[in-house]
Amino acid sequence: MKGREQKTSKDTWQQKDRAEPERYAAGQTFMRIIENNLTNVNLLEDGLLEQILSPSNLNQAYKRVRSNKGKGGVDKMEVDALKVYLVENRDELLQSIRDGKYRPNPVRRVEIPKANGKKRSLGIPTVVDRVFQQAITQVLSPIYEKQFSAHSYGFRPNKNAHQALKKCRDYITNGYTYSVDMDLQCFFDTVNHSKLVEVLSRTTKDGRVISLIHKYLRAGVVNGNKFEETKLGVPQGSPLSPLLSNVLLNELDKELQKRGHRFVRYADDLIILCKSKRGAERTLRNIIPFIENKLFLKVNKEKTQVTYIRKTKFLGYSFYQYKGEGRLRAHPDSIHKMKQHIKLLTSRSNGGGGAIRKGKLNQFIKGWVNYFKMADMKNLLRDIDMWYRRRLRMCIWKQWKHIRTKGRMLIKLGLSKNQAWQYANTRKNYWRIANTDILRWTITNKRLSKAGYPSLLEFYMKVRT
């Protein structure tokens, strides 16, 4: 494997030459593994690095990266070109890792807009580096999984956000109605490499693996055409980052358990539940020194707060008690974001056309309701459906566009000829006319449903748990 070259802003970053060859090596993958004859890496007797580089593990990692697709890294190599490159460079790649000479490419930094107007940084490794990071993750995850806390639910097998929320609900039912809503400031960007390596080394005794992980942490980023060193952090977007974040934050989990706290963590989202406001304030005051002085992370004092559960936001939900039982609601911020997205999809200036709009609405509404199906929101969704259908009627009225088309469609939907032509000539604006009896009588809820437009309430009642 040739070393990485640092170039000027006018040049590009390349890890050897990764242009896709004209020929395509079909058939076997680059590790020459038959899919139905995989080796169980847990039974291998050699070192941890050998398990990571075993044909079966690498083959599985390659398939995972290929199925995840995603954009290319700094070398601009895409997933479609990965197989051919790996077939041709297999021996050189593996030998360079065994010899400790492999040098990962820096990640490509991209910024994703957030709802609050700020941006979140993602780091995109090259597709080759993604294969090896995935291979490391597959071998290390089962080892560390045995150590992880039962209170941790993010990026773990057979764990999910709904389970985390149910646990919160159980605590609230048991009287823990005040929360410490913890915000770790820029967690993924501020992870201390030395601390992380120290924690990793307690379990991972193969120094070659630790060294390889450290190289990935220190590989740097390319922002535009400018290279920047990475002295802190694990890049979001890397196959390794979820595991590494859980390894480090498991130290916090163990400390909270040792102190007897009721808590739930999902990746870097942490909520600690207490029986009184005073107890929650004391808990916050006492845990901050551990986080900042032992784990070298920073607590965002402005966003971290002690609140009654009704004001708490965790994984998009808020909480309340009814007859002593913990209950879930969709947080007002989540409702607002949902309505803003529906508003965007039903914008009159959205030139996608009816079929495209319908497909996007189905995808978004069903995905949103499936995530928030644990919340009590029957009456809320009934009201939102009324607003949403008004927006649909507005879009359909605009889509008819011409007076002649409007009159013809209204007659087709049951209006008399006289009523239809009179209404087709109205001067009311689109939003006002969408709320009139005429359009509610003609473009009925039943017709909208039959046309394929989803109802939030109807889908919620189907999937409600």
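Residues numbered from 1 in each chain as written. Predicted model: local features only at pLDDT ≥ 70, side-chain atom pairs only at ≥ 80, totals over all residues. Heavy atoms only, no water.

- As recorded in an unreviewed UniProt entry, the protein goes by RNA-directed DNA polymerase and comes from Flagellimonas halotolerans.
- What UniProt states about the protein under its Sequence similarities (unreviewed entry) heading is, verbatim, "Belongs to the bacterial reverse transcriptase family."
- For the protein, the Catalytic activity (unreviewed entry) comment in UniProt is given as "DNA(n) + a 2'-deoxyribonucleoside 5'-triphosphate = DNA(n+1) + diphosphate". (UniProt positions renumbered as here; feature names shortened; annotations may be inferred.)

**A few points about a positive patch on the surface**
Thinking step 1. On the surface, a cluster of positive charge is made up of Lys114, Lys118, Arg120, Lys303 and Lys337.
Thinking step 2. Here Lys303 lies in the loop between α10 (277-294) and β8 (305-308).
Thinking step 3. Here Lys303 falls in the partly exposed class, since its relative accessible area comes to 43%. (Patch = residues over 30% accessible without salt bridge, like charges linked within 9 Å, V, L, I, M, F, W, Y side chains within 5 Å. Areas by Shrake-Rupley, 256 points an atom, 1.4 Å probe, with all protein chains shown as cover. Salt bridge = Lys/Arg side-chain N within 4 Å of Asp/Glu carboxyl O. Lys, Arg positive; Asp, Glu negative; His and termini not counted. Charge placed at Lys NZ, Arg CZ, Asp CG, Glu CD. Helix = DSSP H or I, 4+ residues; strand = E, 2+ residues; numbered from the N terminus. Buried < 20%, exposed > 50% of the residue type's maximum accessible area, 1.4 Å probe, protein only.)

**Considering the sheet that holds β8**
Thinking step 1. The strand order across the open sheet formed by four strands is β6-β7-β3-β8, and the pairing between neighbours is antiparallel. A single partner strand is all that each edge strand has here, and the edge strands are β6 (262-266) and β8. Averaged over all neighbouring strand pairs, the angle between strand axes comes to 20°, with direction disregarded.
Thinking step 2. The sheet contact formed by strand β3 (residues 178-183) and strand β7 (residues 269-274) spans six bridges and is antiparallel. By the bridge assignment for β7, Met182 is matched with Leu270. (Pairing = 2+ DSSP bridges. Axes fitted to C-alpha atoms, helices over the stretch in contact; angles between N-to-C directions.)

**With respect to helix α12 (residues 354-371)**
Thinking step 1. Its 18 residues place the ends of α12 26 Å apart at the C-alpha level, agreeing with the 26 Å of an ideal helix rising 1.5 Å per residue.
Thinking step 2. Within α12, the full set of buried residues consists of Gly354, Arg357, Leu361, Asn362, Ile365, Trp368 and Val369. The arc that holds every buried residue of α12, seen down its axis, measures 155°, which confines them to one face. Turned more than 90 degrees off the buried face of α12, the exposed positions are Ala355 and Gln363.
Thinking step 3. Residues of α12 that are buried sit in contact with β10 (325-330), α11 (332-345), α13 (378-400) and α19 (456-463). (Expected span 1.5 Å × (residues − 1). Arc of directions from axis to C-beta. Contact = heavy atoms within 4.5 Å.)

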